[in-house]
Amino acid sequence: MTVVTLLQTAAGGILTGGVYALVGIGLSLIFGVMRIVNFSHGEFMAVGMYTAFVLFRHLGLDPYGSLLVVIPAGTALGVAVERVLLAPIARAPEHTAILMTVGVGLILSNSLLFLFGAHPQTLLASYSTATVRLGPITLSFPLLVSFGLTVLVITALYLLLTRTDLGRAIRATAQNRDAAELQGVDTAWIRTAVFAIGTVLAMAAGVLLLPLLYVFPTVGSTFTLKAFVVTVLGGMGNVVGAIFGGLLLGLVESLGASFGATNYRDAIGLVAFLLVLLVRPAGLFGRSRV
Amino acid sequence: MSSGGLHPVLRIALLVGVLAFYPLLFGGTLNFGFSLVLFAALATSWDLVGGWAGQLSLGHAAFIGLGAYASTLLWTRLGLPVWWGVPVAMAAGAVLASAWGWITFRLRGAYFALSTIAVAEVLRIVANNWADLTGGPEGISIVSLPSPFGLDLFGRTVQFYLALGLLAVALLVSWRVGASRFGAWLEAIREDEDSSMALGVNPARMKVLAFVLSGVLTVAGGALYAVHLSFFEPQGVFDLHLSVQLVLMAIVGGMGTVFGPTLGAFVLLGFQEAFRSTFQQASLFIYGVIIVLMVRYAPDGLTGRLQTAWRRVRDGRRALDAVP
C-alpha cells in the first residue's frame, strides 16, 4: 500500500467519521441528560434519510436543502415521542426506557418498510459521483459537503450548549438533576428539548449520509450500533468525546477495510467497543459529561 | 407471590403433562406446537437473567446461534453425534457467557444491554464470513442425523417432546432459582444494587451465574432449533429480532415469574399464528406497538395483571364473607 492510498483511505475514513460523530453526539447528549440509552436512534436517522429521499424524488428538492424541512420535522417528532412515551416513564427503572425505545425503533423501521418496500434505493443527484482533487488525493464531493455541514451543525450545537440559557440549563440538568431543579430549571422540559435535539441530530445525519449510501428500512439498526460504539469510545454522555469517537471509528473502519477485512468492516467497530469496555469503560477520553 | 393452591412443581408437572397430549390432539400442527414449546423454553431461560436479575439482554440470539452452529458443525464436520455435540455446545455457551458477563457486569446499567447486541452481531458477521467453516451466508443444512434408540430426530413428534423436555427443565430451574436464596439475591440486585452489596451480595458474580445458567439453556434450545429447521443461515439464528422476540414474550407474560414467559410465548405466538395471513409483513410493527403499550400500561405483564385481578376478586369475596 502506497502512502497516497493510505492518505486517501484515512481522509475518506475521517470524513465518514465526522458524520458518525453527528449520530453519536445525539445519543451521547440524550444519555447524558436523560440517562436513557436510545435504542431507536438509528431509526430516527433512517427516517431522516427517507424524508430527504421523498422530498428529492417528488419535489426535486436538493438533499442538502431538505435539511430545512428535516430539522423542524425532527424537532416535532422528538418532542412528540418524548412527551407521549418517555416522559411518563421517567422515574421507572432503566431497562423500562430501553424497552420503550426498542419498541419505538421497531415501529419506525417497519413503518418505513410499509411505505417504501424492503429494496435498497439510492439517490442520484447531479453531484453524487463528483470528486474533488486535493493534490494526489481524490475525495468524494458529497462526502466533503456532508463533512462541512457536520462541522457546521456541531459548532452550532457547541454554541447552543455553552452560550445560551437553554444550553446552561441542559448542562446543569446533566450534572445534577435535583440541583438544577432547585435552581429553577424545568428539567422535564429540558429532557424534552434534549430528546428533540438528539432526534434532529440523528435525522440530519441521515440526510447527510443519503448521497453516500443505499437507503433501506433497516439501515438504522446498523447505525444505532455505530452510535453506541462512538458513544462508548468517547465515554457515555461525553459530547466532545463522541466527536473523537466518531472520527476514530470512521478511520479504523476505513483502514481496517483497506487492509483486506472488507467483510468484517462492521465487526471492527464492535470489537473495538468490547475492548474499550474491557479496558477503559469510561471511554477513551476520561469521564466528564456534556 | 404464590397465590395459594398447588405446589409449583406440581403446577409445572401439570402444564407439561397437558402439553404432552398436544401431538395426539393436534398432530397436523406439530410445527406450531414445537415453536410454542421451544420459544416458551427460550423465553423462560431468558427470564433468568432478564427478569430475575433484571439485566436486559438483547442478544440472546448469540446463544441460539452458537447452539445451532456448534452442535451442527460438530456433527457434520467431526461426526460427533448430537448427544455429545449439544453438551459441548452448552459448555461453549457457559464459557462465552462467563467471559462476556465478566467483562460487562462490572459496569452498571446500559453497558450490558449494549454489549449483548454487539456480541450477537459480531458472531453473526463471523458466521457470515467464515464460509469455510460455517458455509457462510448460504447457510448450512443437516442432511442426516443419528437415530438414538431408533428415534428419528427429524420426526416432528420426537422434536416436540425434546422441546417439551427442555421447557420442563427451564421451568424447574426458574422455580428453583425463584425459591432459593440465589433468586432472592438476584432480585435484591435488580431492585437496588447498592443495597444488595450492603447485604454482602457480590452483584457481578451473581449476575454472571444467572447469565451462564440462562445462556446454557438457550444454547440447548438453539441446537434443537437447528435440528428442527435442518437448514439455517447466520441471518436467521443470530437475528436481533429473535432476541427481541424472547424479551417481548417475557414482558408480555411477566418478567421474573416462573410461568410468565411461557404464557407470553403462547399468547404472542398464538396471536401471530392467528393473524399470520393478515399481518405477515406487519409482525414486527405489531411487536413494536405491543412493547410500547406494555411498557407504558402494564409493566408487570399479563401475570401481574392477572394476579392483581385475582387478588381483587379474592379480597372482594372475603369482604363479602366478613359481612355478618
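Predicted, not measured: the structure shown is a model, and the values here were computed from it.

Draft legend 1. Expanded view of the overall build of chain A. Helices and strands together make up the secondary structure of chain A, namely 11 helices and two strands. Computed over the C-alpha atoms, the radius of gyration of chain A is 19 Å, within 12% of the 19 Å expected from 2.2 N^0.38 for a compact globule of 290 residues. Based on the C-alpha atoms only, the size of chain A along its principal axes is roughly 60 × 45 × 35 Å. Within chain A, buried positions represent 51% of all 290 residues. A fraction of 77% describes how many contacts in chain A between residues 6 or more apart in sequence connect residues 24 or more apart.

Draft legend 2. Here's a closer look at the overall build of chain B. Helix and strand content of chain B: 17 helices and two strands. Its C-alpha atoms give chain B a radius of gyration of 20 Å, near enough to 20 Å, the size a compact globule of 324 residues would have. Taking the principal axes of the C-alpha coordinates as reference, chain B spans close to 75 × 50 × 40 Å. A buried classification covers 49% of the 324 residues belonging to chain B. Sequence separation of 24 or more characterises 78% of the internal contacts of chain B that already satisfy a separation of 6 or more.

Draft legend 3. Highlighting the packing of helix α11 (residues 265–279) of chain A against helix α6 (residues 110–129) of chain B. It is at 9 Å that the axes of α11 of chain A and α6 of chain B come closest, and there the two elements cross at 140°. Taken together, the axes of α11 of chain A and α6 of chain B lie oblique to each other. Here α11 of chain A and α6 of chain B pass one another in a crossing that is left-handed. Across the interface between the two elements, D266, A267, L270, V271, F273, L274 and L277 of chain A from α11 of chain A touch Y111, S115, A118, E121, V122 and I125 of chain B from α6 of chain B. A per-class count over the contact of α11 of chain A with α6 of chain B returns 10 nonpolar, one polar and two charged.

Draft legend 4. Quick peek at the environment of F244 of chain A. With respect to the element layout, F244 of chain A can be found in helix α10 (residues 239–261). The sequence separation of F244 of chain A and A21 of chain A amounts to 223 residues, and the corresponding C-alpha distance is 7.3 Å.

Draft legend 5. Spotlight on the interface of chain B and chain A. Taken together, the contact between chain B and chain A spans 31 residues of the former and 32 residues of the latter. Counting only elements with at least two residues in the side of chain B that touches chain A, the list comes to α5 (82–104), α6, α13 (240–253) and α16 (283–297) of chain B. Element by element, the count of residues in the side of chain B that touches chain A is highest for α6 of chain B, at 11 residues. Taken together, the residues of the side of chain B that touches chain A break down into 23 nonpolar, six polar and two charged.

Draft legend 6. Main features of the pairing of strand β1 (residues 131–134) of chain A. Residues and elements named next belong to chain A. Sheet topology note: the β1/strand β2 (residues 137–140) ladder contains four bridges and is antiparallel. Among the inter-strand pairings, T131 is bridged to a residue of β2, identified as S140. Hairpin geometry of β1 and β2 is characterised by an intervening segment of two residues between the two adjacent antiparallel strands and by a positive phi of about 60° at G135.

Draft legend 7. Summary view of helix α9 (residues 181–191) of chain B. Residues and elements named next belong to chain B. Within the span of α9, buried status applies to G183, W185, L186, I189 and R190. For α9, the buried positions fall inside an angular range of 160° around the axis, keeping them on one side. In α9, the exposed positions angled more than 90 degrees off the buried face are occupied by R181 and E191. Residues of α9 that are buried sit in contact with α3 (30–52), α8 (156–179), α10 (193–198) and α11 (203–229).

Draft legend 8. Spotlight on the environment of S40 of chain A. Residues and elements named next belong to chain A. Its place among the elements puts S40 in the loop between α1 (3–34) and α2 (41–59). Expressed as a C-alpha distance, the spacing of S40 and L166, which sit 126 residues apart in the sequence, is 25 Å. Sequence-distant contacts of S40, that is, excluding residues within four places in its chain, are made with T101, V104, G105 and L108.

Draft legend 9. Main features of the nonpolar core. Ranked by internal contacts, the top residues of the largest apolar core, which has 188 residues, are V23 and A204 of chain A together with V37 and A163 of chain B. With 16 residues, the single largest contributor to this core is α11 of chain B. Those residues in contact with A163 of chain B, other than ones at most four positions away along the chain, are F34, V37, L38, A41 and L224 of chain B.

Draft legend 10. Representation of unusual backbone geometry. A positive phi angle is found at R35 of chain A, which is not glycine, with a value near 60°. For R35 of chain A, a count of 17 C-beta atoms within 10 Å puts it in the partly exposed group. Phi at S230 of chain B takes a positive value of approximately 55°, unusual for a residue other than glycine.

Draft legend 11. Representation of the confidence of the model for chain B within the structure. Residues and elements named next belong to chain B. Looking at chain B as a whole, its pLDDT mean stands at 85, while 94% of the residues score no less than 70. Of all the helices and strands in chain B, helix α15 (residues 276–279) carries the lowest mean pLDDT, 66, while α11 carries the highest, 93. Interface confidence in the predicted complex, given as ipTM, is 0.82; pTM for the same model is 0.83.

Calculation criteria
Residues numbered from 1 in each chain as written. Chains lettered and ligands numbered in written order. Predicted model: local features only at pLDDT ≥ 70, side-chain atom pairs only at ≥ 80, totals over all residues. Helix = DSSP H or I, 4+ residues; strand = E, 2+ residues; numbered from the N terminus. Rg over C-alpha atoms; globule rule 2.2 N^0.38 Å. Buried ≥ 20, exposed ≤ 12 C-beta atoms within 10 Å, placed from the backbone. Contact = placed C-beta atoms within 7 Å. Axes fitted to C-alpha atoms, helices over the stretch in contact; angles between N-to-C directions. Parallel < 35°, antiparallel > 145°, perpendicular 65-115°, else oblique. Left-handed = near helix turned anticlockwise from the far one by under 90°. Nonpolar A, V, L, I, M, F, W, Y, C, P; charged D, E, K, R; others polar. Pairing = 2+ DSSP bridges. Arc of directions from axis to C-beta. Core = buried A, V, L, I, M, F, W, Y, C linked by C-beta atoms within 7 Å. pLDDT = per-residue confidence, 0-100.

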